Amino acid sequence: MNIFGSLKTAAGASSRSCTRRICEPGPSRVTLHAGLAGPSWQAFYTAGKVVGARRTFYSSTVADFTPTAAIRLPRWVNARLGPSRDQKPVEADSQTDSSQPRARLDGPEDEQGAAPPASAPPSAPPSSSSSGDGADNADAPPPPPPSDAPSQPQTSISKQTVPENYPQVLALPIARRPLFPGFYKAVVIRNPAVVASIKEMMRRGQPYLGAFLLKDENADSDIITDINSVHPVGVFAQITSVFTAQGSKDEDKEEGLTAVLYPHRRIKITELVKNGTAAKIEEVEGDKVDAVTEPEGQLPTPPPERDGPPMTMQTSFLEKYAVSVVNVDNLATLPYNKDDQYIRAFMSEIVSVFKDIAQLNPLFRDQIANFSINQVASNVFDEPDKLADFAAAVSTGEPNELQDVLESLVVDDRLRKALLVLKKELINAQLQSKLARDVDSKIAKRQREYYLMEQLKGIKKELGMESDGKDKLIEKFKERAATLKMPEGVRKVFDEELNKLMHLEPAASEANVTRNYLEWLTQIPWGQHSRENYSIANAQSVLDEDHYGLKDVKDRILEFLAVGKLRGTVEGKIICLVGPPGVGKTSIGKSIARALNRQFFRFSVGGLTDVAEIKGHRRTYVGALPGKIIQALKRVGTENPLVLIDEVDKIGRGHNGDPASALLEMLDPEQNTAFLDHYMDVPVDLSRVLFVCTANMLDTIPAPLLDRMEVLEVSGYVSEEKAQIASRYLGPQAREASGLKDADVELDPAAVDMLIKYYCRESGVRNLKKHIDKIYRKAALKIVQDLGEEVFPEPVPAPAEAAAAADVKESKDESPEMITVEKQDAPSLNPAAPETSTPLTSSEDTERVVTTIERQPMKVPDTVHIKITPESLKDYVGPQVYQKDRLYVQAPPAGVSTGLGYLGNGSGAVMPIEALTMPGKGNIQLTGKLGEVIRESAQIALSWVKSHAFELGITKSPDEQFLTDRDVHVHMPEGSIGKEGPSAGTALLSAFVSLFTKTKINPDIAMTGEISLVGMVLPVGGLKEKILAAHRAGIKTILAPAGNRQDIEENVPASVKTGIRFVYVETVDEVLQEVFRGEQVAERWKESFKL
C-alpha cells in the first residue's frame, strides 16, 4: 500500500523527466536515456539499486511506425493500430549528449478515456515479499500504463494503446489475493522458464499476460498444471517493468524476477492451451540451435508441432518454454444506470465508510486521496464500478470475498460485496484504534501518577514532612537499636554497617545485603526476656492438667524448677526426654514452657544434613539466612525462650558437614555464651535459652552430645494410665473434632479396656487416639445416614447471598466475601485418558464461586443415643489385632519355655521359645528373625548345657560325647517381627534343659535376663513393659535378674504387679531350681548337681 505515497505527488504534473540508463543491451535493445514521467519511476530505480549493484531493468514502450511486411503479420489482433495513432514528436534535451538516442513518453490515453494526458504515467511500486502477496501492501490506483513495443533508437513515440482483443495469453497464477483493474501489483516470479518467457515477451514488445488467483491459499506456483487449480476469472495485465529479485553478474544464475503488473480489464479462461510443459524439439547440429537468433525484421521461426489446442502466432514463441498458456475472453461490466437509487446509496455508504476508515487509519487516508486525484471523472458517482474495485483493492479481506468482487459483473452486486469487505475493514480499524487508545490511556495514567508522586515527594522533602526512602530506613534502624541492649561489640558492628548503608546507593547490590543484615541484627532481642515463673504449685498444676501419670518425669521437672527458683536461673541445663513414640515427649516440653511462662519454639533435626541449618550461611551467598536458633530468637522476641529440638537421635550427616557436632557449640553451657552464627558473625548469648531435646533411643545420639544432656526417660503408660488418658483427654477431643460435642454418644470404659488390650498395646497413646477418633467418626456417619437429609439438610444460600453469587459470576467483580476462581477439576478416571487430562467443561462452566462465609455446625437431635460397648466395638474398628496373649494356655511339650521381650514400638510381649532336636552333625539352627545378640545368647546357653550335661543327668558320664550326631533347632514364633537383645538368655537355657531332660515347663512361668558363659544372670532393660505384658497374659511367676529388683519395686506400678510373684535370681542354678520345682528331674539333681 505504500505505492500510493509515491504516487500522491504526481497529481498535478503532466510529465516529469528523469535520466535512466538501460543496462546490458541485447539484440533487440539499445542503450538510451528516456525522459520518464512520475516520481514512482525514481523510487523504483532507487529500489533497484538497493537490491543489487548491477540489476537488469526492462521497460516496455510501443513505437508508432509503419509496419513492415513481416511485422504486419498479426502478433495480436488489434483493430485500433495503424492510422488511429497520433504521433507527437518531442525535441531532445539540449543538455544530453547528442550521440545518445532520447525519447519522451507522453501520458497514456486510450479511446475510452482511461486516463487524461495530465495524469501521471505508470510508476513501478515496490515489489511484494512473495508472489501475489497483497495483504500488507494494497494495490495502487494510478492510470493505465502505456503498452510496449520493441524498443528502437528513435527520438519520439506516439500515444500508446492497449490491445482490446488478446485471445491467448501467458497465464500467471497469483497467490493469496486477486488483482483488480486499474491498480498496480508487484509479484515475484521464481520459475526460470516463466522468467525467461517474460524477458522474451518484453524483448518482443508483447508485455501482456493473464493473472488468475489460486484456489489454494497455501499454494504458490508460477505455472498452471490444472485449470481447476485457479479461479476462472482474472485480469488482463500489462508488465510495466521488471527487475531481478537478486542481483548477479551472470544472468543465468538469477534466482527470480520482480514484475510490476498493471491490470486493464477482467478476463475469463476458456481453455488451457499449454499446462506448463515444454515441447520436444529435435536437435539440429547439436547444441547450436540455442545460438540461432531470429534476424531483425524477418518472419519468426514456425513453432514445433504439439498435441492439443493450437497456439496463435503472437504466442507461438512460448512453445519452447515450460509456461502456461490459456485462451481467454474479455468480461465487460453489464450496463447500468448510474442514477439508480440503489447504486447511489451503495456508493454513498462506501464513501462514508472510507471517511470513517480514513479518520482511524492514516494509510487509508493517503490511498483515498491518491485515488481521488487520479480519478478521471469529476464526480466519483460517475464511475461506480471503479469505486467498487478500489474498495476491494485497498482492503485486506479474505481471498474468496475479494474474488467474488472481481467476478461480479453487475454493478450493484459488486458494490454490495465491496461494501461488505470494506465494513469488515472498518471494524478492524475501530478495534485497532480502541486498543491503541486503551494502551495510550494506561501509559498516560501511569506517567501522570509517576509525575505527581515525584512532585509530592519533592514537596514533602522541602517541607521536611518526609525524607527519602534511604533516610527513613536508616532512621528505622536507629530507633530499633535504641530499644535494645546491644553488647559493645555488637553495637560497634551495627554502627559500621549503618554507616556503610548511608554511603551506598539504594540500587546497589551491596546495599540490599547490608539492609538485610541490619534487619536481622536489630530483630534479635538483645537484653529482652520474659518474666519467668518458678512456682512449684503452678508447675504441678500445669503438668497434671496436660498429662496423666509420668510421676517420675514430673518429679524430675519439679526438681529442676526448684533449683531454678533458688538460683534465680536455670542456665546450663539441657533436658533430653527419651522414650517410645506417642508417650508425650513434645507435649511435655510445651507444658514446661507454659509452667515457666517462657516463649516456645520447636524445630526438628531429624534427617538434617546441612551444618548451615544450625550455624547459618555466609553472607556472601545469594539468599543467605541465619541458623535455626537465630531465627527462633527473632520469632519469639525474647532471649530466654524454651527451644525444643525434636528427633535429636535421627540427625543425619552429609557432605555439608556434621550437624551433630555443630549442635555441641549451641548446647554446651561452656560455649553457648558466645555462640557465633556464620551469617550474623557476632557473638550471641544463648545461655538463657532452655533447651529440651527429644529422642526415641540413646544409642544413635553421639556420645559427646549425649554427655551434655540430662536424660529423663519417659518409659510409657500402663493400661490403667491409658484408660484414664482416654477418658480425660482423648475421648473429649475426638468427640469435639467429630462434631458430637453435645450429642449423647458414649464410649463404654469396658470398650476402652478392650481397645487397649487387643488393638493398642504400644507404650504411647498415639495409636489409641487414632482408634478413638475412628470410633467417633463412624458414630457421626451412622447418625447422618440413619436420620437422613431431612434432619441434616444442606444449607440453602440466603436470597441475598444467592443474588450476590449470581452478580459475581456475571459481573466478574470481586467482593470481600465472594469471588470467582478458575475451576480446576480432578483428572479423568478413564484409564485410557492421559494422566494430565481434565474433564472437558463448557465455556459457561469454567469458573467456581468461592466465599469467605463460614459454614455453621449442625446440632444433633436430643433423641439420638449411641453407646459403644465391647460387643459393638468390632463394627467401629474392625477385628482384633492381637488375638491372644499366650500361645500356650495348656502345658506345652518339652523344649518350650516362656520369655519376655521388649518390642520396637515401646511395648512388651510374651514370647515363647521352642527347641527341637533331630539327627544331624551337632549344629544349631535359629529361626524367627533373630538378631545377632540373641543368636549369641543361644550359643552361650547351649554351650553351658553341654558343659553341664553330666550334672544335669543328660549323659551318664562326664566323658560321654553329647550332640555329636544330632542337630538342635530353636524357633521363636511370630517370625515377621524382628527380635533382638540379650534378655532371652535364661529362657533359652531353660528350653534346652527341658528338651534334653524331656521335662515340661509350667506355662505360667515367664523369665527374662542375660546369662554369661559361667552361668551368671545379668540385669536387662524394659522391665516395666515386659511386666505389663506378663500381667496382661496372666503370668503368675516372673524370674528376673537380681540387679533389676530396685527398678521393679520403684518404677513398676503396684497395679501391674498385683497377682504376680517375682523371683530374683543371680545364677542359672537358681533359674533351673525355680523352673523345674517339683519335677522328678529336680530330685535327681540334688545328688548329681548341687543347686
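All residue numbers refer to position in the chain's written sequence, counted from 1. Given that this is a predicted model, residues contribute local features only at a pLDDT of at least 70 and side-chain atom pairs are listed and counted only at 80 or more, while totals for whole chains, interfaces and linings are drawn from all residues. Neither water nor hydrogens contribute to the side-chain values; these are computed over all heavy atoms in the structure.

(A) Fine view of the overall build of the chain. For the chain, the count of helices and strands is 31 helices and 29 strands. Contacts were defined at the residue level, with two residues in contact if any of their heavy atoms lie within 4.5 Å. For the chain, the proportion of contacts with a sequence separation of at least 24, taken over those separated by at least 6, is 79%. Accessible surface, the chain as shown: approximately 55,700 Å² in total, 51% of it carbon and sulfur. Elements are defined by DSSP. Helices are runs of H or I of four residues or more, strands are runs of E of two residues or more, and each kind is numbered from the N terminus. Using the Shrake-Rupley algorithm and a 1.4 Å probe, accessible areas are obtained, with residue cover drawn only from the displayed protein chains.

(B) Expanded view of the pairing of strand β29 (residues 1061-1065). Each residue's exposure class comes from its accessible area (1.4 Å probe, protein chains only) as a fraction of the maximum for that residue type: buried when under 20%, exposed when over 50%, partly exposed otherwise. The element β29 is extensively covered by neighbouring structure, given that four of its five residues are classed as buried. For two strands to be treated as a pair, DSSP must find at least two bridges joining them. Sheet analysis places strand β28 (residues 1037-1041) next to β29, joined by five bridges and oriented parallel. Residue pairing for β29: proline 1041 is matched across the bridge by valine 1065.

(C) Quick peek at the environment of aspartate 742. Note on placement: aspartate 742 falls in the loop between α20 (719-737) and β17 (744-747). It is 7.4 Å that separates the C-alpha atoms of aspartate 742 and valine 860, two residues lying 118 residues apart in sequence.

(D) Fine view of the pattern of salt bridges. A carboxyl oxygen of Asp or Glu within 4 Å of a side-chain nitrogen of Lys or Arg is what we treat as a salt bridge. Following the criterion strictly, the structure yields 33 salt bridges and no others. Measuring nitrogen to oxygen at the nearest pair gives 3.4 Å for the salt bridge that ties arginine 416 to aspartate 413. In this pair, arginine 416 and aspartate 413 both sit in helix α9 (residues 411-463), three residues apart, roughly one turn of the helix. Residue classification places arginine 416 among the partly exposed positions, given a relative accessible area of 42%. Salt-bridge contacts for arginine 1077 lead to glutamate 1074; the nearest nitrogen and oxygen are separated by 2.9 Å. One network of salt bridges, in which partners are shared, links Glu497, Lys500, Glu510 and Arg619.

(E) Summary view of the nonpolar core. In plain words, nonpolar cores are sets of buried Ala, Val, Leu, Ile, Met, Phe, Trp, Tyr and Cys residues tied together by side-chain atoms within 4.5 Å. Grouped together as the largest cluster of nonpolar side chains are 59 residues, with contacts concentrated most on Leu740, Val745, Leu755, Ile772, Ile868 and Leu873. Ranked by residue count, the leading element in this core is helix α22 (residues 766-791), at seven residues. If you look at the next biggest cluster of nonpolar residues, it comprises 57 residues, including Ile239, Ala259, Phe346 and Leu419.

(F) Quick peek at the packing of aromatic side chains. Two rings belonging to Phe, Tyr or Trp (six-membered ring only in the last case) form a pair when the distance between their centres is within 6.5 Å. Interplanar angles under 30 degrees mark stacking, angles over 60 mark edge-to-face geometry, and anything in between is tilted. The tally for this structure, following the rule as stated, stands at 11 aromatic pairs. Measuring from ring centre to ring centre gives 5.3 Å for tyrosine 208 and phenylalanine 236, while their planes differ by 15°; the resulting arrangement is stacked. One end of the pair, tyrosine 208, is in strand β6 (residues 208-213); the other, phenylalanine 236, is in strand β7 (residues 233-244), with 28 residues separating them in the sequence. Geometrically, the ring pair formed by tyrosine 517 and tyrosine 679 is tilted, given 6.1 Å between the ring centres and 50° between the ring planes. Note that tyrosine 517 is positioned in helix α12 (residues 509-523) and tyrosine 679 in the loop between β13 (675-676) and β14 (683-684), a separation of 162 residues in sequence.

(G) View of the packing of helix α13 (residues 536-546) against helix α15 (residues 585-596). Contact pair α13 / α15: the axes reach a minimum separation of 9 Å and the direction vectors enclose 150°. One finds that α13 runs roughly antiparallel with respect to α15. The crossing of α13 and α15 is right-handed. Within the contact between the two elements, α13 uses Asn538, Ala539, Val542, Leu543, Glu545 and Asp546 and α15 uses Ser591, Arg594 and Ala595. Just so you know the grouping, Ala, Val, Leu, Ile, Met, Phe, Trp, Tyr, Cys and Pro go in nonpolar, Asp, Glu, Lys and Arg go in charged, and all remaining residues, Gly too, go in polar. Broken down by class, the residue content of the contact of α13 with α15 amounts to four nonpolar, two polar and three charged. To get an axis, fit a line to the C-alpha atoms, keeping to the stretch in contact for a helix; angles then go from 0 to 180 degrees between the N-to-C directions. We call two directions roughly parallel when the angle between them is under 35 degrees, roughly antiparallel when it is over 145, roughly perpendicular when it lies between 65 and 115, and oblique otherwise. Should the near helix be turned anticlockwise from the far one by less than a right angle, the crossing is left-handed, and should it be turned clockwise, the crossing is right-handed.

(H) A look at the confidence of the model for the chain. Per residue, pLDDT captures the predictor's confidence, and it can take any value from 0 to 100. Summing up the model confidence of the chain, the mean pLDDT is 76 and the portion of residues at 70 or higher is 74%. A low-confidence stretch, residues 1-159 stays under pLDDT 50, and its non-local contacts, those more than four residues away or across chains, total 351 contacts. Predicted confidence is poor over residues 279-298, with pLDDT under 50, and the contacts of this stretch with residues over four places away or in other chains come to 12 contacts.

(I) Inspection of helix α18 (residues 659-667) at higher detail. Along α18, eight of the nine residues are buried, which leaves the element largely enclosed by surrounding structure. Looking only at α18, the buried set comprises Pro659, Ala660, Ala662, Leu663, Leu664, Glu665, Met666 and Leu667.

(J) Representation of the environment of tyrosine 902 in the model. Along the chain, tyrosine 902 falls in strand β21 (residues 896-902). Each C-alpha atom of the pair tyrosine 902 and glycine 981 lies 8.7 Å from the other, and the pair is 79 residues apart in sequence. When neighbours within four sequence positions are excluded, tyrosine 902 is seen to be in contact with Pro580, Ser907, Gly908, Gly1022, Glu1025 and Lys1026.

(K) Region of the structure containing the sheet that holds strand β16 (residues 710-713). The five strands lie next to each other as β11-β12-β15-β10-β16, forming an open sheet whose pairing is parallel. Of all strands in the sheet, those with a lone pairing partner are β11 (600-604) and β16, marking the two edges. When strand polarity is set aside, the average angle formed by the axes of neighbouring strands in this sheet is 20°. The strands touched by helix α14 (residues 551-567) are β10 (574-578), β15 (690-695) and β16; relative to β16, the strand with the most contacts, the crossing angle is about 150°.

(L) Quick peek at the packing of α20 against helix α21 (residues 749-758). Put simply, α20 and α21 touch, their axes get as near as 10 Å, and they point 130° apart. Compared by their axis directions, α20 and α21 come out oblique. Every pair of crossing elements has a handedness; the one defined by α20 and α21 is right-handed. Across from Ser719, Lys722, Ala723 and Ala726 in α20, the residues of α21 making contact are Val752, Asp753 and Ile756. When grouped by side-chain class, the residues that make up the contact of α20 with α21 number four nonpolar, one polar and two charged.

(M) Structural context of unusual backbone geometry. Positive phi outside glycine occurs at arginine 176, with the angle close to 75°. Within the element layout of this structure, arginine 176 appears in the loop between β4 (168-174) and β5 (185-189). Notably, aspartate 681 is not glycine yet its phi reads approximately 60°, a positive angle. With respect to the helices and strands, aspartate 681 occurs in the loop between β13 and β14. The exposure class assigned to aspartate 681 is partly exposed, which follows from its relative accessible area of 46%.

(N) The arrangement of α12 in detail. The length a helix should cover is 1.5 Å for every residue beyond the first. For α12, spanning 15 residues, the distance from its first C-alpha to its last is 22 Å, which sits close to the expected 21 Å at 1.5 Å a residue. What α12 keeps buried is the set Ala511, Thr514, Tyr517, Leu518, Glu519, Trp520, Leu521 and Thr522. Where α12 is buried, its residues touch α10 (469-482), α11 (488-502) and α17 (628-636).

(O) Structural context of the side chain of serine 738. Structurally, serine 738 can be placed in the loop between α20 and β17. One polar contact links the side chain of serine 738 to the main-chain carbonyl oxygen of alanine 734, over a distance of 3.0 Å. Polar contacts here mean pairs of N or O atoms no more than 3.5 Å apart (in protein, one a potential hydrogen donor and the other a potential acceptor; neighbouring residues in sequence count only if both atoms are side-chain atoms).

(P) Local environment of the side chain of histidine 547. Of note, histidine 547 is situated in the loop between α13 and α14. Setting aside chain neighbours within four positions, we find histidine 547 in contact with Lys554, Gly584, Ser587, Ile588, Ser591, Tyr717 and Tyr729.

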